[in-house]
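# Coordinate analysis (summary)
For reference, the chains in residue letters:
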Amino acid sequence: MYYKHRRKIVFSFATLFASTILLSSAHAEGFLTLETKLKYDSNLTNARFLQDQVGDMATVINVTGGKYFQLSDSNSLTVTGDFSSELYNTYHGMNNLSLGGSTTLKRKWGLGLYQPWTAITLSTTRLDYNNNVRDGWLHKVMISGGKRVSEHWDIWADVSLQKRTQNNSSVIAPGISGSPFELFNKVATLDAVYAFSESTFFMLGYQWRRGDVVATAITNSPIHAVFDPVTTAETADNAFGVDGEAYRLKGTTHTFGAKINTTIYQDYVLGLEYQRYITHGNGGNNYYKSVPALTLSYHF
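Before going into details, it helps to say that this report is about the structure given with it. Each residue is numbered by its place in its chain's sequence as written, counting from 1. Local features in this predicted model are restricted to residues of pLDDT 70 or higher, and side-chain atom pairs are both shown and tallied only at a pLDDT of 80 or more, whereas totals for entire chains, interfaces and linings draw on every residue. Excluded from the side-chain calculations are hydrogens and water; all other atoms, namely the structure's heavy atoms, are used.

## So, the overall build of the chain
- Summing up its helical and strand segments, the chain has two helices and 13 strands in all.
- Here the chain holds 300 residues, and the buried ones make up 40% of them.
- We call two residues in contact when some of their heavy atoms are within 4.5 Å. When contacts within the chain are restricted to residue pairs at least 6 apart in sequence, those whose partners lie at least 24 apart make up 58%. Under the scheme used here, helices are H or I runs from DSSP no shorter than 4 residues and strands are E runs no shorter than 2 residues, and both carry numbers assigned from the N terminus. Burial classes: relative accessible area under 20% of the type maximum marks a residue as buried, over 50% as exposed, and values in between as partly exposed (1.4 Å probe, protein chains only).

## Side note on the pairing of strand β13 (residues 285-299)
- What makes two strands pair is DSSP finding at least two bridges between them. For strand β1 (residues 28-41) and β13, the ladder comprises seven bridges, and the chain directions are antiparallel. Bridge pairing in β13 places Lys37 opposite Thr295.
- Two elements, strand β12 (residues 268-281) and β13, share 14 bridges in a ladder whose sense is antiparallel. For Gly281, the partnering residue across the bridge sits in β13 and is Asn285.
- Taking the residues between adjacent antiparallel strands as the criterion, β12 and β13 are bridged by three residues, where Gly283 takes a positive phi near 75°.

## Topic: a nonpolar patch on the surface
- A contiguous nonpolar surface patch, about 920 Å² in accessible area, is contributed by Leu38, Phe196, Ile260, Ile264, Tyr265, Tyr268, Leu270, Leu272, Leu294 and Leu296.
- Elements that contribute at least two residues to the nonpolar patch include exactly β11 (244-265), β12 and β13.
- Assignment of secondary structure puts Leu270 in strand β12.
- Accessibility expressed as a relative area gives 33% for Leu270, which makes it partly exposed. Like-charged residues within 9 Å of one another, or nonpolar side chains (Val, Leu, Ile, Met, Phe, Trp, Tyr) within 5 Å, are grouped into patches, provided each residue has over 30% relative accessible area and no salt bridge. For accessible areas, the Shrake-Rupley method is used with a probe of radius 1.4 Å. Any residue's cover is judged against the shown protein chains and nothing else. Any Lys or Arg side-chain nitrogen found within 4 Å of a carboxyl oxygen on Asp or Glu counts as a salt bridge.

## Some remarks on the pairing of strand β4 (residues 96-108)
- Pairing between strand β3 (residues 75-88) and β4: 12 bridges, direction antiparallel. Bridged to Gly81 within β4 is Gly101.
- When β4 meets strand β5 (residues 117-129), the two strands line up antiparallel, connected through 13 bridges. Pairing of Ser102 across the sheet is with Ser123, part of β5.

## With respect to the nonpolar core
- We define the nonpolar core as a collection of buried residues of types Ala, Val, Leu, Ile, Met, Phe, Trp, Tyr and Cys that are connected through side-chain atoms lying within 4.5 Å of one another. Leu44, Val54, Ala58, Tyr88, Tyr91, Met94, Ile218, Ala239 and Phe240 together form the largest nonpolar core, which totals nine residues.
- Those residues in contact with Ala239 that lie beyond four places of it in its chain are Tyr91, Gly93, Met94, Asn131 and Arg134.

## Overview of the environment of Thr232
- Its place among the elements puts Thr232 in the loop between α2 (223-227) and β10 (233-237).
- C-alpha separation for the pair Thr232 and Ser179, spaced 53 residues apart in sequence, amounts to 9.1 Å.
- Leaving out residues up to four positions away in the same chain, Thr232 has contacts with Ile176, Ser177, Arg248 and Leu249.

## Some details on the environment of Gln53
- Tracing the sequence through the fold places Gln53 in the loop between β1 and β2 (56-70).
- You can call Gln53 partly exposed: its relative accessible area is 25%.
- Each C-alpha atom of the pair Gln53 and Thr216 lies 8.7 Å from the other, and the pair is 163 residues apart in sequence.
- Discounting residues that sit within four places of it in the chain, Gln53 has contacts with Asn43, Thr45, Ala47 and Arg48.
- Looking at Gln53, its side chain comes within polar contact range of the main-chain oxygen of Ala47, at 3.1 Å.
- The definition of a polar contact used here is a pair of N or O atoms within 3.5 Å, where within protein one atom must be able to donate a hydrogen and the other to accept one, and adjacent residues in sequence count solely through side-chain atom pairs. Among the polar contacts listed, one links the side chain of Gln53 to the backbone oxygen of Arg48, at a separation of 3.3 Å.

These values are about where atoms sit, not about what they do.
Take a look at the structure:
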């Protein structure tokens, strides 16, 4: 019943935004970005113990398109649709498709390049995995703000609430939920961009995430004994080709990132990025991972 109500709310927002598009189409500007990415995840299972950690390379395709509406001198509306596909070299159970949309209402507090801005974004995304225990929806509401502080520096921050659902629940332990991929998180992000030139940008970012985290045990390791007192949900997880178990517990993740983008030819942008994840889970269940990536994007 709760999720049916949520879908009605999402549908109502979608109807409202579609009406806005029809009424304002004469003032709309379209955009489209195609991106391919090659990334490596050093700890795909989010596991604490080395015997449960696996790494894999993935090829990612992202398509983002939408329309931008200038509602007034200070206010704008952006409606965006997103498609993403991830294909892993070894662990095909992690292959996935996602399709979603978002709407952002933004206000700029004055005229000129150096005036601050604030925005609110609503988004929803459908997640479909080759291993269907991970299938579900991801809903977000986010408030953000930023400012250009000099000729070269831009900074912005956001806070969000994120709710992820799980379609296929499977109980394997009496009295414990079989839906570890049903997650709720509070997230805060701080980003800064330095423009070396009109074509080359360097980005630094930090994200704090508090709420639910998921790890997978793929061996008969001590992880079972360690996780059992603090886990809030668990289920069978065969995404890694073995009889694994996915666990949900409370935790905090700190993510540090850096990226450099440069235009190599007209609208083609080459990017090199690195992210480091540090997660502290309840009961001392900590894990770490590194995710380097190479991207190539084209902007229409």
